[in-house]
Amino acid sequence: MPFGRLTAAALSGIIDTTVALASLNFDFSLIKVEARKEYKDFGMQLSKQRSEEAENGLTHVTARKLGALFADIIPPCPHLISAYGLRVSESAKSSTHNPKGTKIDGIFADQLGADGTSIWAAATSGDPAIGVHLLACMLARMWPAPKAVSIWVELILERKKELLGPDNQDSTNPFSMMAAQISISRDQLAKWDSSARAWLQIADAAKQLPQKQLMLIVNNISTAVNEKPAVYDNVVLAWKSAMSTVDKLASGISQSIQNGAP
C-alpha cells in the first residue's frame, strides 16, 4: 500500500475512534427509549410524580447505568420480557392494588398507588435494564434490604473488574471501557431496591392465591441454588439461569430443573 494511502487509513482509524469516544462524553444515562408495547399500559397507570422520576429522574439514571453495565451478560429473553410487561400492566390496572390519587388526597395524591417506578424506568431504558430490574426483584425476594444493597455493591464492583480484565481488553470497543467507569451510589441502589421491593408486595397481593400455591411448592424444595462460592458468580449464574428458564417456559417449552436457581 502506498505511503499516502497508508497514512490516510491510519488517520481515518484515529478519527473514527475519536468520534466514537467523543460521543460518549454526553450523559448516556439520561437517554430514554420507547417502552415495549406490553409496558405502555403500565406506564399510563403510574402517578405523574412516579412517571417523571422513572423517565427523567435518578431511578431512570440507575436503570440505564445498570443496564449498560450488565448488558453483555444478560441472556436474550424476549418471551419473558413480553410476558412480564403484560402481567405488570394487568396488575397496575387494578383499582384495588393501584388506587389513583384525587384532589381530596391533596399533596399526597401522587404518593398513592403502586410504586412501579423501577419497572417503568427499566422499560424506558431498554431490555437489559428490564433484566436488571428482574435481578432487583430476585434479590429483594431473597434478602432484607441492607443485605440486598450490599450484594448490589459487590456485583457492580466485580462486574467492573470483569470488564477491565484481560478477556475484555478490546481497544476497538470503547463502550465496554465506558461501562467499567460507571458510578452508582449506595443511595441509588437502596432506592432501586426499595422500588422493586414495594412492587413485589403489590404483585403478591394481586396474585395472592397463585403466589401462595407457588411458595408452598418452593418452600418444600431443598435443592441448592448452585455451588458457586463467590457472591458474584453465584448470583449471576442464578439470575441468568432463572431468566433463561422462565423465558423458555413463557414460550411454551417445558423444562427439567437441575438446581434451585430458576
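Only a predicted model underlies this, so the values are computations on that prediction, with no experimental measurement involved.

Draft legend 1. Geometry of the packing of helix H7 (residues 127–142) against helix H12 (residues 231–250). Between H7 and H12, the shortest axis-to-axis distance is 11 Å and the interhelical angle comes to 115°. Classified by the angle between their axes, H7 and H12 sit roughly perpendicular to one another. With respect to the hand of their crossing, H7 and H12 are arranged in right-handed fashion. Facing H7, whose interface residues are Gly131, Val132, Leu134, Leu135, Met138 and Leu139, H12 presents Val235, Trp239 and Met243.

Draft legend 2. Spotlight on the pattern of salt bridges. Within this structure, the stated rule accounts for 13 salt bridges. When the shortest N-O distance is used, the salt bridge between lysine 37 and glutamate 38 registers 3.6 Å. Note on glutamate 38: relative accessible area 12%, which makes it buried. Lysine 161 is paired through a salt bridge with glutamate 158; the nearest N and O atoms lie 3.5 Å apart. Of this pair, lysine 161 and glutamate 158 both sit in helix H8 (residues 145–164), three residues apart, which is roughly one turn of that helix. Among the residues examined, glutamate 158 registers a relative accessible area of 26% and is labelled partly exposed. Look at the salt bridges and you will find they share partners, linking Arg87, Glu90 and Lys207 into a network.

Draft legend 3. Representation of the side chain of arginine 159 in the model. The topology assignment puts arginine 159 in helix H8. For arginine 159, a relative accessible area of 3% puts it in the buried group. Reaching out from arginine 159, the side chain makes a polar contact with the backbone oxygen of leucine 69 at a distance of 2.7 Å.

What counts as what
- Residues numbered from 1 in each chain as written.
- Predicted model: local features only at pLDDT ≥ 70, side-chain atom pairs only at ≥ 80, totals over all residues.
- Heavy atoms only, no water.
- Axes fitted to C-alpha atoms, helices over the stretch in contact; angles between N-to-C directions.
- Helix = DSSP H or I, 4+ residues; strand = E, 2+ residues; numbered from the N terminus.
- Parallel < 35°, antiparallel > 145°, perpendicular 65-115°, else oblique.
- Left-handed = near helix turned anticlockwise from the far one by under 90°.
- Contact = heavy atoms within 4.5 Å.
- Salt bridge = Lys/Arg side-chain N within 4 Å of Asp/Glu carboxyl O.
- Buried < 20%, exposed > 50% of the residue type's maximum accessible area, 1.4 Å probe, protein only.
- Polar contact = N/O pair within 3.5 Å; in protein donor to acceptor, adjacent residues only side chain to side chain.

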